[in-house]
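Observations on the three-dimensional arrangement
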Amino acid sequence: MLNVAVAAAGGHLLRETLDQVQVPRFANSKTPACKLSVRVLSASLPGLPAPGNFTRSRPFLQLNVGSVEKETEPADYNPNSTRSEKAAGAEGTQYPWRFDEQVTFTVTTEDLSGPGLKLRLRVISDTQFGFLQFSGRPADVGEATLDLQKRILPSCLQQTLKSDKRRCVWCSPVVPVPLAHVKGGLLGAECKLGEAIAHVALLFSLDTDPDYLLDLTRPSTLKLQQTLRESADEMSRFIDSLPAAPPCCCQPCM
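All figures in this text were calculated on a predicted structure; none of them were measured in a lab.

**A word on the overall build of the protein chain**
- Scanning the protein chain from N- to C-terminus turns up 6 helices and 12 strands.
- When the 254 residues of the protein chain are sorted by exposure, 35% land in the buried category.
- Carbon and sulfur atoms provide 53% of the accessible area of the protein chain, an area that totals close to 16,300 Å².

**So, the state of the cysteines**
- All told, the structure shown has 0 disulfides when counted by the stated rule.
- Not engaged in a disulfide, the cysteine C34 finds its nearest cysteine sulfur in C156; these two sulfurs lie 9.1 Å apart.
- Residue C34 is classed as buried on the basis of its relative accessible area of 6%.
- This cysteine, C171, is not joined by any disulfide, and C156 carries the nearest cysteine sulfur, 7.0 Å off.

**A look at the packing of aromatic side chains**
- The tally for this structure, following the rule as stated, stands at 1 aromatic pair.
- The ring of F105 is capped by K70, whose NZ or CZ atom sits 5.3 Å from the centre of that ring.

**Quick notes on the nonpolar core**
- By size, the foremost hydrophobic cluster in this structure holds 42 residues, and its most contacted members are L45, L63, L117, L119, V200, L202 and F204.
- With residues up to four places along the chain from it excluded, the contact list for L117 reads V38, L63, N64, V65, F105, A144, T145, L146, L148, I152 and F204.

**Describing the layout of surface pockets**
- A volume near 160 Å³ is recorded for the second largest pocket.
- Around the second largest pocket, the lining comprises 13 residues; the ones closest to its centre are V65, G66, S67, T108 and D111.
- Elements represented by at least two residues in the lining of the second largest pocket include exactly β5 (97-108) and α3 (109-112).
- Grouping the amino acids of the lining of the second largest pocket by side-chain chemistry returns 4 nonpolar, 6 polar and 3 charged.

**Some remarks on empty space enclosed by the protein**
- In the structure shown here, the tally under the stated rule is 1 cavity of 30 Å³ or more.
- Its boundaries defined by the atoms lining it, the largest cavity holds a volume of some 30 Å³.
- Of all elements in the fold, only β1 (32-44) and α4 (148-155) reach the threshold of two or more residues within the lining of the largest cavity.
- Here the residues of the lining of the largest cavity are counted per class, giving 7 nonpolar, no polar and no charged.

**Observations regarding helix α5 (residues 210-217)**
- Restricting attention to buried positions, one finds in α5 the residues P210, L213, L214 and T217. Looking straight down α5, one finds that the buried residues subtend no more than 100 degrees of arc, so they occupy a single side.
- On its buried face, α5 sits against β1, α3, α4, β10 (168-171) and β12 (196-206).
- With a side-chain oxygen lying 2.9 Å from the backbone nitrogen of D211, the N-terminal cap of α5 falls on D209.

**Observations concerning the pairing of strand β3 (residues 68-71)**
- Direction of pairing for strand β2 (residues 55-65) relative to β3: antiparallel, over a ladder of 4 bridges. If you follow V65 over to β3, its bridge partner there is V68.
- With antiparallel pairing between neighbouring strands as the criterion, β2 and β3 make up a hairpin whose turn holds 2 residues, including G66 at a positive phi of roughly 65 degrees.

**Describing the pairing of β10**
- In this sheet, β10 lies alongside strand β9 (residues 157-160) in antiparallel orientation, the contact comprising 4 bridges. By the bridge assignment, L157 is partnered in β10 with C171.
- Note that β10 and β12 share 2 bridges and pair antiparallel. When the bridges of β12 are listed, C171 appears paired with S205.

**Here we look at α4**
- Listed as buried for α4 are L148, I152, L153 and S155.
- Where α4 starts, the residue carrying a side-chain oxygen 2.8 Å from the main-chain nitrogen of Q149 turns out to be D147.

**Overview of the pattern of salt bridges**
- Taken as a whole, this structure holds 7 salt bridges when the rule is applied.
- A salt bridge links D76 to R58; its shortest N-O distance comes to 3.6 Å. Of this pair, D76 sits in strand β4 (residues 76-77) while R58 is found in strand β2, placing the two residues 18 residues apart along the sequence.
- On the accessibility criterion, R58 (17% relative accessible area) is buried.
- One salt bridge connects D140 with R122, and the closest N-O pair in it is separated by 2.7 Å. Of this pair, D140 sits in strand β8 (residues 139-146) while R122 is found in strand β6 (residues 117-129), placing the two residues 18 residues apart along the sequence.

Each value, and the rule that gives it
Along each chain, residues carry numbers from 1 onward, in the same order as the chain's sequence is written. At least 70 in pLDDT is required for a residue's local features to be given in this predicted model, at least 80 for side-chain atom pairs to be given and counted, and no such filter applies to totals for whole chains, interfaces and linings, which use all residues. Excluding hydrogens and water, the side-chain figures rest on all heavy atoms present in the structure. Strands here are runs of E lasting at least two residues and helices are runs of H or I lasting at least four, both read from the DSSP assignment and numbered beginning at the N terminus. Partly exposed describes any residue whose relative accessible area lies between the buried limit of under 20% and the exposed limit of over 50%, with all areas from a 1.4 Å probe on protein chains only and scaled to the type maximum. For the accessible areas, the method is Shrake-Rupley and the probe is 1.4 Å, while residue cover comes only from the protein chains on display. Cysteine sulfur pairs qualify as disulfides if the two atoms are within 2.5 Å. Two rings from Phe, Tyr or Trp (for Trp, the six-membered ring) form a pair when their centres sit within 6.5 Å of each other. Planes less than 30 degrees apart are called stacked, planes more than 60 degrees apart edge-to-face, and all others tilted. Definition used: whenever NZ (Lys) or CZ (Arg) falls within 6 Å of the ring centre and also within 35 degrees of the ring normal, the charge is taken to sit over that ring. Here, the term nonpolar core denotes a set of buried Ala, Val, Leu, Ile, Met, Phe, Trp, Tyr and Cys residues that are joined through side-chain atoms within 4.5 Å. Here a residue-residue contact requires only that any non-hydrogen atoms of the pair lie within 4.5 Å. Of the two site types, the cavity is a set of points on a 1 Å grid over the protein atoms alone where a 1.4 Å probe fits but cannot get out, and the pocket is an open set with protein on both sides within 12 Å along at least five of seven lines, each lined by residues with an atom within 4 Å of a point. Grid points are joined across faces, edges and corners, and a volume is the space filled by probe spheres set on the points. The residue classification treats Ala, Val, Leu, Ile, Met, Phe, Trp, Tyr, Cys and Pro as nonpolar and Asp, Glu, Lys and Arg as charged. All others, Gly included, are polar. Working definition: the arc comes from the directions between the helix axis and the C-beta atoms, pointing outward to the latter. Any pair of N or O atoms that falls within 3.5 Å is considered a polar contact. Within protein, one atom must be able to donate a hydrogen and the other to accept it, and sequence-neighbouring residues count only if both atoms are side-chain atoms. Should DSSP find at least two bridges between two strands, the strands are regarded as paired. The term salt bridge refers to a side-chain nitrogen of Lys or Arg lying within 4 Å of a carboxyl oxygen of Asp or Glu.

Have a look at this one:
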């Protein structure tokens, strides 16, 4: 009878414990998680000549997060601009191509675990003949990929909005990003594939706490396994604490 009581008590404890276990519910992968703003400040392309009187080549940046692609307007050439160079800490590197443009993405939970922010720097050339202007096809220069979890989210720190002290944003410092030379890319005659051919200076900002976003990407399987393991240990300790069964005093029949 005691064994039956122990089993019943153990089963009751196990049911109560498992009722408290919350099986993780994963958010829809298409659910918006945050707004990511990328401010494209400037670029450095040492092999690209300054615009001339009749022909000019200007860089523009393509940005991808998930299936969404956006691009900036062509940059303006300003050889006297050093603001981004000093902010990025890239001593000796000139950033004369000015963008000063902001691009915003709606990032989903699926995007947080995806390849990240893809960058492709391209150049478009045009020729002016009087009132006529002819534009050529864009040519690739270099590309880069920034991991959202490892590069972008950890770089963003909390700041209070000056316009509204009750609201916060999370912003990064200026980030200089090298772009690797690609096959058939412009300006790469003396550059090997994968070597840095250009740099862009970027700023990132988020409307959501990056620690919360990182928690969304962490698997909950280990948490569930740990809870079940602790439950089993608790039931084992309960059974061990029960008094031992008394010795049987019945005499065998002769």
